[in-house]
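Listed below are the residues making up each chain.
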Amino acid sequence: MDIQTVAWWKAIVESMNDGVLVIDRAGIVRTINPEYTNITGVTPDIIGKPLVAYRPGAQLPKTLIDGESRVGVYRKARGREYVVDMAPIIVDGEIIGAVSVCKSLNEVHTLTQELAKQQETVAELKKQMRSIYKVKYTFEDIISQDSKMRDLISIAKKTALTDLPILITGESGTGKELFAQSIHHTSLRANEPFIAVNCSAIPVASIENDLFGYAEGAFVGALQGGKSGLFEMADGGTLFLDEIGDLSMEVQAKILRVLQEGSIRRIGEAVERKINVRIVAATHRDLRQLIAKDLFRSELFYRLNVVSIQIPSLRERKLDIPLIIDSITPPSYTVDEEVMSFLISYDWPGNVRELRNVIDFAVCMTEERRISIQHLPDFMRKHHTLYTDETRIIPLHEAVDEAEKKILQHALQYVGATVQERLKLANELGISLATLYNKMKKYQLN
């Protein structure tokens, strides 16, 4: 080895922040660096002498004999504490020496404390993220006396305790996210993040970046260090993919892969990242029709449709309208019977969301805390005009009775006249058998 190379290696060793000591095959110290002196207090006059003569009990000579590396060996000498890593120096299969690298425990303590602080910071960030992405709604917030809705709630509660994917369908405004949040709240993942993403609201150009994240330098304008996606943010919790029917076939394929592999790959990155996410998807579209038109992947549909929850529209459960209005209206406000009767008769194309908007508007417009027709939005007043032209306004109790009678008429078509069958129907309607017979008598139904 020429003089320049020797000088180069010596400069490297002396510039290291760790202490270094090297012995040859005879156990003679060949070099130590300044940091070794700082850490151990051993001065350079040890060079050229046997290590064991200066450091009784030194383990580095043992490395010459057994060729084994030793890691994290604790040493205390001259009031100094440090840890040592030792390894043999092997050339052409022969041990020609050994090297000892030591680090002051003061530095180790500092690094440990710094690591603990970083871990505390990460834990705090996770805690903050959980609080930010905590659900607001539970099953208690789903207001309904409709038997079909109660059955759906029962199914949702049971499947909430599993990790099965769930597909929620229904018209816009029926409460699909309300169900999704309630499922997460009841699940074993309740203390983990609930991440909701409206797939139709994210620009097509950025949907993959948002869902899967990207690596640094993946594209022009990418953030330094890259960015985690929504799948990673939901790790351990629930990812709610609303309006999944609006995703492109390419993105659908990537989501299918996540469901199959349990891992994601950031855009522009080769490494796979394991994730543990429960998927709840929702759409107002008919996915089977989209499949027939080659607009939705059948494999993804069957992966998501393990549990299917189809929420009925508000017009299919008109008996719930007074209950929902009562829950929306402030306690000190009243609703005229004429208004209530009209609202029950209305078809509500926007479902519960539209009903809430109408009531919120009316509450804002009234000054006497009594909601009348004139307090409804313009479009509702126009509908009311048509309604009064076509039919008379009936009292609220009559409107409720009429709706109840139609439900019973419809239900009785599908059951027999035996006590057992009538009892089953009563249970499905959420009433007692005696109440069922009383209502049948009231409405003259056989």
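For the structure given in this document, a descriptive report is provided here. (Residues numbered from 1 in each chain as written. Predicted model: local features only at pLDDT ≥ 70, side-chain atom pairs only at ≥ 80, totals over all residues. Heavy atoms only, no water.)

### Thoughts on the sheet that holds strand 4 (residues 80-91)
A sheet is described by the order of its strands in space; here 5 strands give the open sequence 2-1-5-4-3, paired in antiparallel fashion. The two strands at the open ends of the sheet, each matched to only one other strand, are strand 2 (29-32) and strand 3 (70-77). Along the sheet, successive strands turn relative to each other by an average axial angle of 25°, direction set aside. Sheet analysis places strand 1 (residues 19-24) next to strand 5 (residues 94-104), joined by 6 bridges and oriented antiparallel. Looking at strand 5, one finds that Val-20 is bridged to Val-101. (Pairing = 2+ DSSP bridges. Helix = DSSP H or I, 4+ residues; strand = E, 2+ residues; numbered from the N terminus. Axes fitted to C-alpha atoms, helices over the stretch in contact; angles between N-to-C directions.)

### Digging into the pairing of strand 5
Pairing of strand 4 with strand 5 involves 10 bridges; the strand directions are antiparallel. Looking across to strand 5, one finds that Val-91 is bridged to Glu-94. The hairpin formed by strand 4 and strand 5 contains 2 residues between the paired strands, and Asp-92 there has a positive phi angle of roughly 55°.

### Brief notes about the side chain of Glu-354
With respect to the secondary-structure elements, Glu-354 resides in helix 15 (residues 351-365). Buried and unpaired, Glu-354 has Arg-315 as its nearest opposite-charge partner, separated by 7.9 Å. Among the polar contacts listed, one links the side chain of Glu-354 to the backbone nitrogen of Gly-350, at a separation of 2.8 Å. Dropping the residues within four chain positions of it, Glu-354 is found in contact with Tyr-346, Trp-348, Pro-349 and Phe-379. (Buried < 20%, exposed > 50% of the residue type's maximum accessible area, 1.4 Å probe, protein only. Lys, Arg positive; Asp, Glu negative; His and termini not counted. Salt bridge = Lys/Arg side-chain N within 4 Å of Asp/Glu carboxyl O. Polar contact = N/O pair within 3.5 Å; in protein donor to acceptor, adjacent residues only side chain to side chain. Contact = heavy atoms within 4.5 Å.)

### What about unusual backbone geometry?
One non-glycine residue, Trp-348, lies in the positive phi region at around 50°. Along the polypeptide, Trp-348 turns up in the loop between helix 14 (337-345) and helix 15. Judged by its relative accessible area of 0%, Trp-348 is buried. Look at Arg-369: it is not a glycine, yet its phi comes out positive at around 60°.

### Observations concerning the layout of surface pockets
There is about 730 Å³ of room inside the second largest pocket. If you trace the second largest pocket, you find 25 residues lining it, with Tyr-137, Gly-175, Leu-178, Val-352 and Arg-356 closest to the centre. No other element matches the 5 residues that helix 7 (residues 176-186) contributes to the lining of the second largest pocket. Across the lining of the second largest pocket, the residue classes break down as 9 nonpolar, 7 polar and 9 charged. (1 Å grid on protein atoms, 1.4 Å probe; cavity = no way out; pocket = protein on both sides within 12 Å on 5 of 7 lines; lining within 4 Å. Points joined across faces, edges and corners; volume = space filled by probe spheres on them. Nonpolar A, V, L, I, M, F, W, Y, C, P; charged D, E, K, R; others polar.)

### Things to note about the nonpolar core
Ranked by size, the top nonpolar core spans 31 residues in total, and within it Leu-211, Phe-231, Leu-239, Leu-241, Ile-255 and Phe-296 carry the most contacts. For this core, the secondary-structure elements that each account for two or more residues are strand 7 (194-198), helix 8 (207-212), helix 9 (230-233), strand 8 (238-242), helix 10 (249-261), strand 11 (278-283), helix 11 (287-292) and helix 12 (298-304). Of all the elements, helix 10 adds the most residues to this core, at 4 residues. Excluding residues within four positions of it along the chain, Ile-255 makes contact with Leu-211, Phe-212, Phe-231, Leu-241, Leu-247 and Leu-300. Counting 24 residues, the second largest nonpolar core, distinct from the first, contains Leu-314, Val-339, Trp-348 and Ile-359. (Core = buried A, V, L, I, M, F, W, Y, C linked by side-chain atoms within 4.5 Å.)

### So, the environment of Asp-141
With respect to the helices and strands, Asp-141 occurs in the loop between helix 5 (105-132) and helix 6 (147-160). Placed 33 residues apart in sequence, Asp-141 and Thr-174 show a C-alpha to C-alpha distance of 13 Å. Other than its neighbours up to four places away in sequence, Asp-141 contacts Lys-136 and Leu-178.

### Some remarks on the packing of aromatic side chains
Per the stated rule, a full pass over the model turns up 8 aromatic pairs. Aromatic side chains Phe-194 and Phe-240 sit 6.1 Å apart centroid to centroid with 20° between the ring planes, which places their arrangement in the stacked category. In this pair, Phe-194 is assigned in strand 7 and Phe-240 in strand 8, connecting sequence segments 46 residues apart. Grouping residues by exposure puts Phe-194 and Phe-240 together as buried. Geometrically, the ring pair formed by Tyr-346 and Trp-348 is edge-to-face, given 4.6 Å between the ring centres and 90° between the ring planes. Residue Tyr-346 shares its accessibility class with Trp-348, and that shared class is buried. Through pairs of rings, three or more aromatic residues link up here, namely Phe-342, Tyr-346 and Trp-348. (Phe/Tyr/Trp six-rings, centres within 6.5 Å; stacked < 30°, edge-to-face > 60°.)

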